[in-house]
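Breakdown of the fold
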Amino acid sequence: MSDLPPPYTALTRHPMMPRTSHDEAARFNFLTHFNRYLSGAIGKGNKLAYDKRVLPAFVEKHGREPEHRYEIRDAMNEDPWHRMWSALKRNSMEMRQHNGRQTVLRQLDELDAQARQFNEHSGMLELDPTVEQPHYQTAVDIHCQPGGYHSEERSGDVTVGANYDIGLFATTGGALGGLNDGGGQAIVEWIKKERPDWQPRRILDIGATVGHNAVPLAQAFPDAEVIAIDTAAASLRYGAARAASMGVKNIKFVQASGEDLSRWADGYFDWVQTTMFLHELSSKAMPRILAEANRVLAPGGLIFHIEQPEYTDEMPLFEQFMRDWDAFNNNEPFWSAMHGQDLKQVMADAGFARDDQFTVGVRAVVDPEIFPPSPDEGEEDFGRAAIWNAYGAWKPLAQAEAA
Ligand SMILES: C[S@@+](CC[C@H](N)C(=O)[O-])C[C@H]1O[C@@H](n2cnc3c(N)ncnc32)[C@H](O)[C@@H]1O
């Protein structure tokens, strides 16, 4: 089996997808390979450096082993191999943004016009300019994305959404499939096995960005109404146009904050979904969003979060340190604290009884002919493989109904 990621041309060209020149595609190909190489072959040098140099020196100095991932970080930040690896990784993120952004900007007139055309009559986009961008989104350029998810190059544009769509392939080493929707497809596969006859009527996806993982839910449940909310209009505009261009009709992209779902009545949704969303929330926002999610979830309904695993006591400190890289080097300010907390307790505090909660592992579902799994897949790559933990709960039916 090949260790090479698929070429950039394996991406599915839906009509909203920005076009790439030969050179732009070549740069994405380079970055895709580079990222896989950094996560795999080169990344392994970090453990070697730790075991052979950093840990023995730490023990020598302190008379004990590190007791926290931050102690490992401080020590590893002095190590030349780790510094080189970290600098290359940071550079790969910056190069990916640079290439994506310049590709989008040179065709922005066309992309904006196309988005307007798709969105004008579809009824699938509902923007609300009174929705404020949360400070935890505006304080930094999240994962080196210029302007985060919300900034506009010019009023009403789709720059950030389009850039997000074309560059994800490079960041993930091509692990999310042709439409970057391997996470959503995995959710669908899981639910169809878990509850084959379940037909949710209304699904809410919070923090949907451009809908990569909300669209597969709409496709899998064509009779359901899917509401994909996000605070960032610039991402929603692109997402709605992308979905419309793919012929999906039962999804609506709505500008709203998960912190205030007051426009929806108690128990309105059968399913509340978040995908790789919780780690971008402040510690104040997360409980508010989970409490709101609980309120709008119907008895018998499902809440399901796809995330990276939390740092439990069982997870080796070195692994916690490696998984924490994005927090300190890739503008993910809440990543470390979020993964360090007991998510089940946070869910319990929001009203999801511990007994109703479950966790399950999910792996991206992609076409293996085009996106073959890397031969390294069995080995730990510290959060870059398309493998996640899902945290969920089925809300109990009301007593009378259950009886
Ligand atoms: C990492 S992305 C989520 C990716 C997306 N779920 C997917 O599957 O492709 C985080 C998104 O959450 C949005 N966001 C942040 N705070 C929010 C809030 N309070 N309510 C709704 N969306 C929010 C951001 O604008 C951003 O688009």
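Residues numbered from 1 in each chain as written. Predicted model: local features only at pLDDT ≥ 70, side-chain atom pairs only at ≥ 80, totals over all residues.

As named in an unreviewed UniProt entry, the chain is Class I SAM-dependent methyltransferase, taken from Altererythrobacter lutimaris.

Focus: the overall build of the chain
Defined as follows: In this text, helices come from DSSP runs of H or I with a minimum length of four residues, and strands from runs of E with a minimum of two, each type numbered from the N-terminal end. Only the C-alpha atoms count toward the radius of gyration. The rule for a globule is 2.2 Å times the residue count to the power 0.38. Residue burial is a threshold on neighbouring C-beta atoms within 10 Å of the residue's own C-beta, all placed from the backbone, with 20 or more meaning buried, 12 or fewer meaning exposed, and counts in between meaning partly exposed.
Check the secondary structure of the chain and you find 16 helices and eight strands. Taking 403 residues into account, the globule formula puts the C-alpha radius of gyration at 22 Å, and the chain, at 21 Å, falls close to it. Once the C-alpha set of the chain is aligned to its principal axes, its extents read approximately 65 × 60 × 40 Å. Across the 403 residues in the chain, those meeting the buried criterion constitute 44%.

Comments concerning the UniProt feature "domain: Methyltransferase" (unreviewed entry) in the chain
Cut-off, in case you're wondering: UniProt positions are given in the numbering used here, feature names are shortened, and annotations may be inferred rather than shown by experiment.
Feature annotation in UniProt places "domain: Methyltransferase" (unreviewed entry) on residues 203–301, given in this structure's numbering. Secondary structure content for residues 203–301 is 31% helix and 27% strand, while the C-alpha to C-alpha distance between its ends is 10 Å.

So, the environment of proline 80
Note that proline 80 resides in helix α4 (residues 80–105). Note: C-alpha distance between proline 80 and alanine 49 (31 residues apart in sequence) is 8.8 Å.

Quick look at the site of the ligand
Put simply, the rule is: Each residue gets a C-beta atom placed from its backbone. If that atom is within 6 Å of a molecule or strand, the residue is near it. As a working rule, the residues Ala, Val, Leu, Ile, Met, Phe, Trp, Tyr, Cys and Pro are called nonpolar, Asp, Glu, Lys and Arg charged, and the rest polar, with Gly in that last group.
Close to the ligand lie 24 residues, the nearest being Tyr149, Gly207, Thr209, Asn213 and Thr275. Within the shell around the ligand, the residues separate by chemical class into nine nonpolar, 12 polar and three charged.

Brief notes about the nonpolar core
Test applied: Note on definitions: a nonpolar core is a set of buried residues drawn from Ala, Val, Leu, Ile, Met, Phe, Trp, Tyr and Cys, linked by C-beta atoms within 7 Å. For the purpose of contact definition, each residue receives a C-beta atom placed from its backbone, and two residues are in contact when these atoms lie within 7 Å.
Ile251 and Val272 are the most contacted members of the largest nonpolar core, which totals 77 residues. Per-element accounting of this core gives the leading share, eight residues, to helix α10 (residues 233–245). In contact with isoleucine 251, not counting residues within four places along its chain, are Met124, Gly211, Ala214, Val215, Ala218, Val226, Ala228 and Ala243. Among the nonpolar cores identified, the runner-up in size contains nine residues, and Val54, Met76, Met322 and Trp325 belong to it.

Topic: the pairing of strand β8 (residues 387–394)
Rules: A pair of strands is labelled paired if DSSP reports no fewer than 2 bridges between them.
Sheet analysis places strand β6 (residues 297–307) next to β8, joined by six bridges and oriented antiparallel. Following the sheet pairing, isoleucine 303 is matched in β8 by alanine 393. The pairing of strand β7 (residues 357–363) with β8 spans seven bridges and is classified as antiparallel. Its bridge partner lying in β8, valine 360 is registered against alanine 390.

Considering the sheet that holds strand β4 (residues 251–255)
Sheet strands pair via backbone hydrogen bonds, and the direction of the pair is either parallel or antiparallel. Going by this rule: All axes are obtained by fitting lines to C-alpha atoms, using only the stretch in contact for helices, and the reported angles, taken between N-to-C directions, cover 0 to 180 degrees.
Read from one edge of the open sheet, eight strands run β1-β4-β3-β2-β5-β6-β8-β7, paired in mixed fashion. Strand pairing shows two members of the sheet lacking a second neighbour, β1 (125–126) and β7, which therefore form its edges. Where strand β2 (residues 202–206) and strand β3 (residues 225–230) come together, five bridges link them in parallel fashion. Paired with isoleucine 206 across the two strands is isoleucine 229, which belongs to β3. Strands β5 (269–275), β6 and β7 of the sheet are contacted by helix α8 (residues 182–194), whose axis makes an angle of about 125° with β7.

Re unusual backbone geometry
Although it is not a glycine, cysteine 144 sits at a positive phi angle of roughly 60°. Along the chain, cysteine 144 turns up in the loop between α6 (135–138) and α7 (159–171). At threonine 209, a residue that is not glycine, the phi angle is positive and equals roughly 50°. Following the sequence through the fold, threonine 209 ends up in the loop between β2 and α9 (215–220). Among the residues examined, threonine 209 registers 25 C-beta atoms within 10 Å and is labelled buried.

A closer look at α7
The condition is simple: Helix span, expected: 1.5 Å multiplied by one less than the number of residues in the helix. Two axes define the bend at a residue: one fitted to the seven residues ending there, one fitted to the seven starting there, and the bend is the angle between them.
When the terminal C-alpha atoms of α7 are compared, their 18 Å separation across 13 residues agrees well with the 18 Å that a helix rising 1.5 Å per residue should span. At aspartate 165, α7 is deflected by roughly 30°, the largest bend along its length. Burial of α7 is extensive: 12 of the 13 residues sit out of reach of the surface. By the burial criterion, the buried members of α7 are Thr159, Val160, Gly161, Ala162, Asn163, Tyr164, Asp165, Ile166, Gly167, Phe169, Ala170 and Thr171. Taken from the residues just after α7, glycine 173 is the one with a positive phi, measuring 60°.

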